[in-house]
Amino acid sequence: MTISADHTAHPDTTGQAPAEDALSEAAKKFGITAEDYMLPARHQIEMVDPDGRLKPEGEQGTEPGHEYPLPGDEELLAAYEQLVVGRRVNDQNSALVRQGRMAVYPSSHGQEACQVAAALCLSQGDWMFPTYRDAVAVMTRGVDPVQVMTIFRGDWHGGFDPLQHKVGIQCTPLTTQLLHAVGVAHAAKLRGEDTVVLAMCGDGATSEGDFHEALNFAAVFHLPVIFFVQNNKYAISVPLAHQSVAPSLAHKAVGYGMAGERVDGNDVVALLAVLDRAVKLAREGSGPLLVEANTYRMQAHTNADDDTRYRQNSEVAEWRAKDPVNRMRTYLTDRGLLDDDGEARIREKAEAVATQLRDGLSEDVPVEPQELFRHVFEKTTPQLKEQSALLADELARDAAASQNPASQEAAK
Amino acid sequence: MSPTITTSSEANGNVSAATARAAASAAATAEATGPQPVTMAKALNTALADAMHADPSVLVFGEDVGQLGGVFRITDGLTATFGEQRCFDTPLAESGIVGMAVGMAINGMRPVIEMQFDAFAYPAFEQIVSHVAKMHNRTKGAVKLPMVIRVPYGGGIGGVEHHCDSSESYYAHTAGLKVFTPATVADGYRMLREAIDSDDPVMFMEPKKLYWSKDQVDLAELRNAHSAAASAGQSSEGRAAVARPGTDATLIAYGPSVPTALAAAEAAALEGRSLEVIDVRTLVPFDDATVSESVRKTGRAVVIAEAHGFASVSSEIVARVQERCFHHLAAPIRRVTGFDIPYPAPKLEKYYLPGVDRILDAVDDLQWEN
């Protein structure tokens, strides 16, 4: 099989290599054919098994051109700490929803390895575009936990400054944010900056039109975007089999002329290995890449969902045995990198974040009604000024009435 | 690098060389003095070139806007002048074009993107409504989206299906978007420059039947006037224009309907009736003051628009004028709009479009006393 594209419509007049040659270059770099470069390895990349044991090199799923060195100890310890914090954040937030402190929380319980690796693989100047389920990834990137949760607290639709943290708003309309990632990468490239952008979505989202448009735009403009698909097996209630019959979601990459890879999404070691390499390749000019992480949504879609209507407890139990946090604890303990003191210190840190969330979300945050009009435009309109005055007048009359019960009585 | 941008001589990410060349080009056109016949297409094209010259973060992209210069030639010559990094073709996907522009605006660019035709912009509707319109509000102004979405719209060109929609009401109804629509050649230049300068996203609705209309204008003078106004922080955003003064009734129109309203006023004058014509110019923000002032003066009004009348910009205008001018009205406000039917085939569009006779009939119906 030979894979090529006809780009003759735009004759190359400057002697620079078109995208097709960039793929050949990449293939040459790894001593494999262009199609072997673009197609994912035959098996997913996995390094530490569910029991926390390092798999023998020959069984990690690697192939020529799909080789992944083991991440360093320091990186793995940092990742473990974030895994523990992330798990605590997920469970604390779910508890806050049950207590009525938050309207809703789409938990990434069980997907923490994906969340942590997505943030840790990036440098400070890079960008991340998360979905509504990626709060832990956003916090791992360094955004204040209470600011991240503001979106679910109910006083505004967002709580952090995307430009300050280089993290897009947590996006609910599926895959629309992938195109924003493409635009950020394109602008950076035009200015000659080496920014890499990580764009996140789930398995169900790969059915959306913007998924296709984003991958195609990124490939055609040869942009440093990593499309990171957390395949957690369900889009609310609909299983992956109803979304796609592709050999894997990573196989979709070849259709756009980019490289794809599959990775065990509950193995943070493999995730870091695959994503670190993807970031490095993208920064060096490989163009976009697609990484599919094979994981599982351990809890219902949100508190409003009832997952017993569409999946068996036995299936959930099977995945509980593959838990990303326990696996990493065993691995690091067996390697002698983690002892009881280290574990206690990390737990303490996780507890501190949980306390921060409880305190921050238990506060009754005063809302400012005039803020409704303040941010619609950079330069407001006469119509909004009128509506703002109308609301101010209503509030003033309410306040006057409540200060003067006699007039309240008279009004009746 | 992709074939589209690597053929540019500025492929190294440095846009300043292209900008320098563009400066020379702009200087050349600036020499023309005195009013000359100019089409709206040329005015829009010059506005794009001048904006790209003034600010290297202004980028133009869309379908066929590069080498071809756009199907209406509005982007003609921009790729040659500014290089393929500043004006380029994208894959054929409207949501992709708008979504990528959002990301570019987040990251410091000022994209000016083209939707090829009104009805081809609908795949981008989600990006426009869910992100372009909401990003500033959602981030409390931390993220500004200074982008312009150009949409050739409206009928009157004998276009086949999906090429003649009046889609302005969808955008005007969406909180967070500004909606501009020029009706004159000079406004084509002035308003597009202002839209590009705006830190708010602007839907720029271009009446495609007016692309080839000509006025006597001095582009160099318009350019200088824009520079002076911009440095003084002035903009004509939100200001309607009195396109023709009159005393007996007010015709309120915008975009493609303004020349029709002017023709109706001319015909009415022959019958001894003096009609004032208001060109709304910016649908959002709407100039209540200018419109109300005119109607209070004349006491009668007809709103004219090509779009379907039901739940439209024209219905909004009627409601606003009625609320503000009730005691000055001698007759109910009338509307002359497109019928509530899908845009008709070319041989039938003359029955659909608001014309001079239908406008004059509506004027006759305004309960005149004698």
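Source: prediction; values computed, not measured. (Residues numbered from 1 in each chain as written. Chains lettered and ligands numbered in written order. Predicted model: local features only at pLDDT ≥ 70, side-chain atom pairs only at ≥ 80, totals over all residues. Heavy atoms only, no water.)

**Student:** Would you mind showing me how to read the overall build of chain A here?
**Tutor:** Across its full length, chain A carries 16 helices and 7 strands. By the compact-globule yardstick of 22 Å for 412 residues, chain A fits well, its C-alpha radius of gyration being 24 Å. Once the C-alpha set of chain A is aligned to its principal axes, its extents read approximately 90 × 60 × 40 Å. Out of the 412 residues belonging to chain A, those deemed buried represent 54%. For chain A, the exposed surface amounts to about 17,900 Å²; the carbon and sulfur share of it is 50%. (Helix = DSSP H or I, 4+ residues; strand = E, 2+ residues; numbered from the N terminus. Rg over C-alpha atoms; globule rule 2.2 N^0.38 Å. Buried < 20%, exposed > 50% of the residue type's maximum accessible area, 1.4 Å probe, protein only. Areas by Shrake-Rupley, 256 points an atom, 1.4 Å probe, with all protein chains shown as cover.)

**Student:** Mind showing me how you'd approach the confidence of the model for chain B here?
**Tutor:** For any part of a model where pLDDT is low, the fine detail of the predicted coordinates should not be relied upon. Mean pLDDT over chain B: 92, with 91% of residues reaching 70 or higher. Every residue in residues 1–28 of chain B is under pLDDT 50, and counting partners more than four places away or in other chains gives 75 contacts. (pLDDT = per-residue confidence, 0-100. Contact = heavy atoms within 4.5 Å.)

**Student:** Honestly, the packing of helix H8 (residues 176–190) of chain A against helix H6 (residues 125–132) of chain B in this entry has me stumped. Any pointers?
**Tutor:** Helix-helix packing: each pair is described by the crossing angle between the helix axes and the interaxial distance. One can describe the packing of H8(A) onto H6(B) by two numbers: an axis separation of 11 Å at closest approach and a directional angle of 80°. By the criterion of interaxial angle, the relationship of H8(A) to H6(B) is roughly perpendicular. In this structure, H8(A) contributes A:Thr176, A:Leu179 and A:His180 to the contact, and H6(B) contributes B:Glu126, B:Gln127 and B:His131. In terms of residue class, the contact of H8(A) with H6(B) is made up of 1 nonpolar, 4 polar and 1 charged. (Axes fitted to C-alpha atoms, helices over the stretch in contact; angles between N-to-C directions. Parallel < 35°, antiparallel > 145°, perpendicular 65-115°, else oblique. Nonpolar A, V, L, I, M, F, W, Y, C, P; charged D, E, K, R; others polar.)

**Student:** Can you help me understand helix H6 (residues 145–153) of chain A in this one?
**Tutor:** For an α-helix the count is 3.6 residues per turn, leaving residues at separations of three or four pointing the same way. Residues and elements named next belong to chain A. Of the residues making up H6, those classed as buried are Pro-145, Val-146, Val-148, Met-149, Thr-150 and Phe-152. Looking at the buried residues of H6, the elements they touch are helix H3 (73–98), helix H5 (135–140) and helix H13 (340–362). Capping of H6 at its N-terminal end is provided by Asp-144; its side-chain oxygen lies 3.1 Å from the backbone amide nitrogen of Val-146. Positive backbone phi, approximately 105°, marks Gly-154, located one or two places after H6. (Polar contact = N/O pair within 3.5 Å; in protein donor to acceptor, adjacent residues only side chain to side chain.)

**Student:** What exactly am I supposed to notice about the domain arrangement of chain B here?
**Tutor:** Accessible area lost on assembly of the parts is the figure often given for the size of an interface. All names here are of chain B. Each assigned domain of chain B is listed here: domain 1 (15–231) and domain 2 (241–364). If you average the C-alpha positions of domain 1 and of domain 2, the two centres end up 27 Å apart. With 26 residues of domain 1 at the interface, the matching set in domain 2 holds 21 residues. A combined buried area of about 1,800 Å² lies between domain 1 and domain 2, and 59% of that area is made up of carbon and sulfur atoms. For the interface between domain 1 and domain 2, the tally reads 2 salt bridges. With its nearest N and O atoms 2.8 Å apart, the salt bridge here joins Arg-281 to Asp-187. Connecting domain 1 to domain 2 are 10 residue pairs in polar contact (both at pLDDT 80 or more). Of all the secondary structure elements, the ones that give two or more residues to the side of domain 1 that touches domain 2 are helix H8 (168–172), strand E6 (178–180) and helix H9 (185–197). Each residue belonging to the side of domain 1 that touches domain 2 can be placed in one class, and the counts come to 12 nonpolar, 8 polar and 6 charged. (Domains from an automatic or database assignment. Buried area = accessible area lost by both parts, 1.4 Å probe. Salt bridge = Lys/Arg side-chain N within 4 Å of Asp/Glu carboxyl O.)

**Student:** What am I meant to see in the interface of chain B and chain A here?
**Tutor:** Contacts between the two partners involve 57 residues from chain B, matched on the other side by 54 residues from chain A. At the boundary of chain B and chain A, one finds 3 salt bridges. Here A:Glu386 and B:Arg324 are joined by a salt bridge, their closest N and O atoms 3.2 Å apart. Linking chain B with chain A are 24 residue pairs in polar contact (both at pLDDT 80 or more), by the criterion used here. Among the elements of the structure, helix H1 (3–6), strand E3 (87–89), helix H5 (94–106), H6, helix H7 (135–138) and helix H13 (313–325) of chain B are those that each provide at least two residues to the side of chain B that touches chain A. Ranked by residue count, the leading element in the side of chain B that touches chain A is H5(B), at 10 residues.

**Student:** Please explain the domain arrangement of chain A as it appears in this structure.
**Tutor:** Per the domain assignment, the segments making up chain A are domain 1 (19–362) and domain 2 (371–411). Taking only C-alpha atoms, the centre of domain 1 of chain A and the centre of domain 2 of chain A are 45 Å apart.

**Student:** Would you mind going over the sheet that holds strand E6 (residues 259–264) of chain A with me for this structure?
**Tutor:** All names here are of chain A. Ordered by their spatial adjacency, 5 strands build an open sheet running E1-E2-E3-E7-E6, and the pairing between neighbours is parallel. Only two strands of the sheet have a single partner each, and these edge strands are strand E1 (127–129) and E6. The sheet shows a mean angle of 20° between the axes of neighbouring strands, taken without regard to direction. This element, H8, spans E1, strand E2 (197–202) and strand E3 (225–231) of the sheet and lies at about 170° to E2. (Pairing = 2+ DSSP bridges.)

**Student:** Would you mind going over the nonpolar core with me for this structure?
**Tutor:** One recurring pattern in soluble globular proteins is that nonpolar side chains are buried together. Counting residues in each nonpolar core, the largest one holds 87 residues, and the members touching the most others are A:Phe227 and B:Ile149. Beyond its immediate chain neighbours, meaning those up to four positions away, B:Ile149 contacts B:Val98, B:Ile113, B:Met115, B:Ile128, B:Val132, B:Val202, B:Met203 and B:Phe204. By size, the runner-up hydrophobic cluster in this structure holds 75 residues, among which are A:Val89, A:Cys114, A:Val274 and A:Val353. (Core = buried A, V, L, I, M, F, W, Y, C linked by side-chain atoms within 4.5 Å.)

**Student:** I would appreciate a short explanation of the pattern of salt bridges in the present structure.
**Tutor:** If the charged atoms of two oppositely charged side chains come close together, the side chains can form a pair. One pass over the structure, following the stated rule, counts 44 salt bridges over all chains. Note that A:Arg87 and A:Glu112 form a salt bridge whose closest N and O atoms lie 2.7 Å from each other. Here A:Arg87, found in helix H3, pairs with A:Glu112, found in helix H4 (residues 112–120); they are 25 residues apart in sequence, far enough to count as distant. Residues A:Arg87 and A:Glu112 agree in their burial class; the two are buried. As a salt-bridge pair, A:Glu378 and B:Lys144 come within 3.8 Å of each other at their nearest N and O atoms. Taken together, the residues A:Glu378 in the loop between helix H14 (371–374) and helix H15 (382–403) and B:Lys144 in the loop between H7 and strand E5 (148–153) connect one chain to another. In this structure B:Lys144 comes out as partly exposed when scored by relative accessible area, which is 32%. A cluster of three or more residues bridged by salt bridges with shared partners is formed by A:Glu386, B:Asp288, B:Glu316, B:Arg320, B:Glu323 and B:Arg324.

**Student:** For this particular structure, what's the right way to read unusual backbone geometry?
**Tutor:** Residues and elements named next belong to chain B. At the junction of Val-284 and Pro-285, the peptide bond is cis and its omega measures out at -5° in the coordinates. Position of Pro-285 relative to the elements: it lies in the loop between strand E12 (282–284) and helix H12 (288–298). One non-glycine residue, Lys-140, adopts positive backbone phi at about 50°. Here Lys-140 shows up in the loop between H7 and E5. Of note in this structure, Arg-281 is not a glycine but carries a positive phi near 70°. Secondary-structure assignment places Arg-281 in the loop between strand E11 (275–279) and E12. Given a relative accessible area of 4%, Arg-281 falls into the buried group.

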